[in-house]
Amino acid sequence: MVELLCLGEPMLEFNQQPDGRFLMGHGGDTSNCAIAAARSGASVGVVTALGQDAFGDSFLALWEENGVDADLVKRRADGHTGVYFVTHGPEGHAFSYLRAGSAASRTEPSDLPLAAIRNARCLHLSGITLAISTSSCDAAFAAIQTAREAEVAISFDTNLRLKLWPLARARAVIGAAIGMCDIALPGLDDARQLTGLTAPEAIVDYYLAAGARIVALTLGAEGTLVATPGRVERIAAFPVQAVDATAAGDTFDGAFLAEWLRDGDPFAAARYANAAAALSTQGYGAVAPMPRRATIETFLAEAAP
């Protein structure tokens, strides 16, 4: 049985290097989350579709290499594997996407592996899965409903992408998903746009009131504000010499869920995930710099007072 199922769109990555060349790699928020969780020892599977192309083949090889179960992945002849480019400038990294009509965006509710969802411990998905197409959005909500009926925990990262849809629609649809999830994993910038609130404390209260049992609001260099109905605590970040934060949020999600599934403590999971995210920013690309559990635990031991 796979403990954690990640539903979403994988995308091949071309990441700009200091010399201007582009390094090929792999991305897509839920695929990144799955790999980060697997590297932290979780039992993980992906639910998605790939094109019948070389890029799709490379994802299957990547997941096999990282111990991520891909038995539920479909290959489609009517859509390609998505691609994105990362460029770097004075204001940070920027993304350009070639995803219209991708295989994953053509996913429909009838494609879902309902039995696998019912048998998992946690289903993870994001706002991107809701935004890339109407059919993908419908499939996401069908998966959420299936998980709820089976009492499977639902984890949701808002991952707001305004290139994909207008803010008003994103607020409505993501708000509906948050109301059905157990674990909310928003970033501060996203949450401010989606809720209209500014203070982190007000934001976590908002998501708890919406129905989440656990909220882990990532605050960048300020750490993570973790909230449950009975406790709110800010978990400090770990300062490192960062070079590329491309998938730091996805690394946080995967590490958080792996640690939460292991011992059920969201506050300890956030500390572990903060360390994993910090370590992931020390190399280029989404996947290559993601740390494994032994590295994270060593880093935490050395950082302990």
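Check the entry above for the structure.
*Asks:* Is there a simple way to explain helix 6 (residues 167-178) in this structure?
*Replies:* For helix 6, with twelve residues, the first-to-last C-alpha span of 16 Å sits near the 16 Å given by 1.5 Å per residue. Those residues of helix 6 that sit buried are Ala-170, Val-173, Ile-174, Ala-177 and Ile-178. End-on view of helix 6: buried residues confined to an arc of 140 degrees, all on one side of the axis. Facing away from the buried surface of helix 6 by more than 90 degrees, the exposed residues are Ala-168 and Ala-172. Of the surrounding secondary structure, the elements contacted by the buried residues of helix 6 are helix 4 (127-131), helix 5 (134-149), strand 11 (153-157), strand 12 (183-184), helix 7 (188-195) and helix 8 (200-210).

*Asks:* I'm lost on the packing of helix 7 against helix 8 in this one. Help?
*Replies:* Packed helices, taken two at a time, are described by their axes: the angle between them and the distance between them. As a packed pair, helix 7 and helix 8 sit with axes 11 Å apart at the nearest point and diverge in direction by 65 degrees. As far as their axial angle goes, helix 8 and helix 7 are roughly perpendicular. Crossing of helix 7 over helix 8 shows left-handed handedness. Contacts from Leu-188, Ala-191, Arg-192, Leu-194 and Thr-195 of helix 7 reach helix 8 at Pro-200, Ile-203, Tyr-206 and Tyr-207. Here the contact of helix 7 with helix 8 is composed, by residue class, of seven nonpolar, one polar and one charged.

*Asks:* Quick question: what am I supposed to make of the environment of Gly-45 here?
*Replies:* Here Gly-45 is to be found in strand 4 (residues 44-47). With 42 residues separating them in the primary sequence, Gly-45 and Glu-3 have C-alpha atoms 8.0 Å apart. Setting aside anything within four residues of it in sequence, one finds Gly-45 in contact with Val-2, Leu-4, Leu-5, Cys-6, Val-68 and Asp-69.

*Asks:* Is there a simple way to think about the side chain of Asn-32 in this case?
*Replies:* Here Asn-32 is to be found in helix 1 (residues 29-39). When neighbours within four sequence positions are excluded, Asn-32 is seen to be in contact with His-26, Gly-27, Ala-247, Asp-250, Ala-286, Val-287 and Met-290.

*Asks:* Got a minute to help me understand the side chain of Thr-228 in this structure?
*Replies:* Mapped onto the fold, Thr-228 is located in strand 14 (residues 224-228). The residues touching Thr-228, leaving out its near neighbours within four places in the chain, are Leu-208, Arg-213, Ile-214, Pro-266 and Phe-267.

*Asks:* For this particular structure, what's the right way to read the pairing of strand 10 (residues 122-126)?
*Replies:* The two faces of a sheet get side chains in turn, since along a regular strand they alternate between them. Across the five residues of strand 10, five count as buried, placing the element largely inside the fold. The pairing of strand 1 (residues 4-7) with strand 10 spans three bridges and is classified as parallel. By the bridge assignment, Cys-6 is partnered in strand 10 with His-124. Pairing geometry for strand 10 and strand 11, over five bridges, is parallel. Pairing of Leu-125 across the sheet is with Phe-156, part of strand 11.

*Asks:* Sorry if this is basic, but what is going on with the environment of Ser-133 here?
*Replies:* Within the fold, Ser-133 resides in the loop between helix 4 and helix 5. In this structure, the C-alpha to C-alpha distance between Ser-133 and Ala-278, residues 145 residues apart in sequence, is 32 Å. Within the local environment of Ser-133, its side chain forms a polar contact with the backbone nitrogen of Ser-136, the two atoms lying 2.9 Å apart.

*Asks:* Could you clarify how one ought to interpret the sheet that holds strand 15 (residues 231-235) in this entry?
*Replies:* Where strands meet in a sheet, backbone hydrogen bonds hold them as pairs that are either parallel or antiparallel. Here we have nine strands laid out as an open sheet, ordered 6-4-1-10-11-12-13-14-15, and mixed in their pairing. Strands with a single pairing partner mark the edges of an open sheet, and in this sheet they are strand 6 (68-69) and strand 15. Across five bridges, the pairing between strand 14 and strand 15 is antiparallel. Bridge pairing links Leu-225 to Arg-234 in strand 15.

*Asks:* Which parts of the structure should I look at to understand the nonpolar core?
*Replies:* Soluble globular proteins tend to pack their nonpolar side chains together in the buried interior. Residues Leu-4, Val-44, Trp-63, Phe-252, Phe-256 and Trp-260 are the most contacted members of the largest nonpolar core, which totals 58 residues. Broken down by element, the residue count for this core peaks at ten residues, all from helix 10 (residues 266-280). Excluding its chain neighbours within four sequence positions, the residues that come into contact with Leu-4 are Ala-37, Ser-43, Val-44, Gly-45, Cys-122, His-124, Leu-257 and Leu-261. Listed in part, the 43 residues of the second largest apolar core include Leu-112, Ile-144, Ile-174 and Ile-178.

*Asks:* Sorry, what's going on with unusual backbone geometry here?
*Replies:* Leave glycine aside and you will find that most residues have negative phi; peptide bonds, for their part, are mostly trans. The phi angle at Glu-151 is positive, at roughly 60 degrees, despite the residue not being glycine. Relative to the helices and strands, Glu-151 is located in the loop between helix 5 and strand 11. Of the residues examined, Glu-151 reaches a relative accessible area of 76% and is grouped as exposed.

*Asks:* Even after reading the chapter, I still don't get the pattern of salt bridges, so can you show me in this structure?
*Replies:* For side chains of opposite charge, pairing can occur when their charged atoms come near one another. Tallying each qualifying case throughout the model produces 13 salt bridges. Its salt-bridge partner being Glu-3, residue Arg-121 comes within 2.8 Å of it at the nearest N-O pair. Of the two residues, Arg-121 sits in the loop between helix 3 (114-119) and strand 10 while Glu-3 sits in the segment before strand 1, which places them 118 residues apart along the sequence. On the accessibility criterion, Arg-121 (36% relative accessible area) is partly exposed. Using a relative accessible area of 21% as the deciding quantity, one classes Glu-3 as partly exposed.

Criteria and cut-off values
- Residues numbered from 1 in each chain as written.
- Predicted model: local features only at pLDDT ≥ 70, side-chain atom pairs only at ≥ 80, totals over all residues.
- Heavy atoms only, no water.
- Helix = DSSP H or I, 4+ residues; strand = E, 2+ residues; numbered from the N terminus.
- Expected span 1.5 Å × (residues − 1).
- Buried < 20%, exposed > 50% of the residue type's maximum accessible area, 1.4 Å probe, protein only.
- Arc of directions from axis to C-beta.
- Contact = heavy atoms within 4.5 Å.
- Axes fitted to C-alpha atoms, helices over the stretch in contact; angles between N-to-C directions.
- Parallel < 35°, antiparallel > 145°, perpendicular 65-115°, else oblique.
- Left-handed = near helix turned anticlockwise from the far one by under 90°.
- Nonpolar A, V, L, I, M, F, W, Y, C, P; charged D, E, K, R; others polar.
- Pairing = 2+ DSSP bridges.
- Polar contact = N/O pair within 3.5 Å; in protein donor to acceptor, adjacent residues only side chain to side chain.
- Core = buried A, V, L, I, M, F, W, Y, C linked by side-chain atoms within 4.5 Å.
- Salt bridge = Lys/Arg side-chain N within 4 Å of Asp/Glu carboxyl O.

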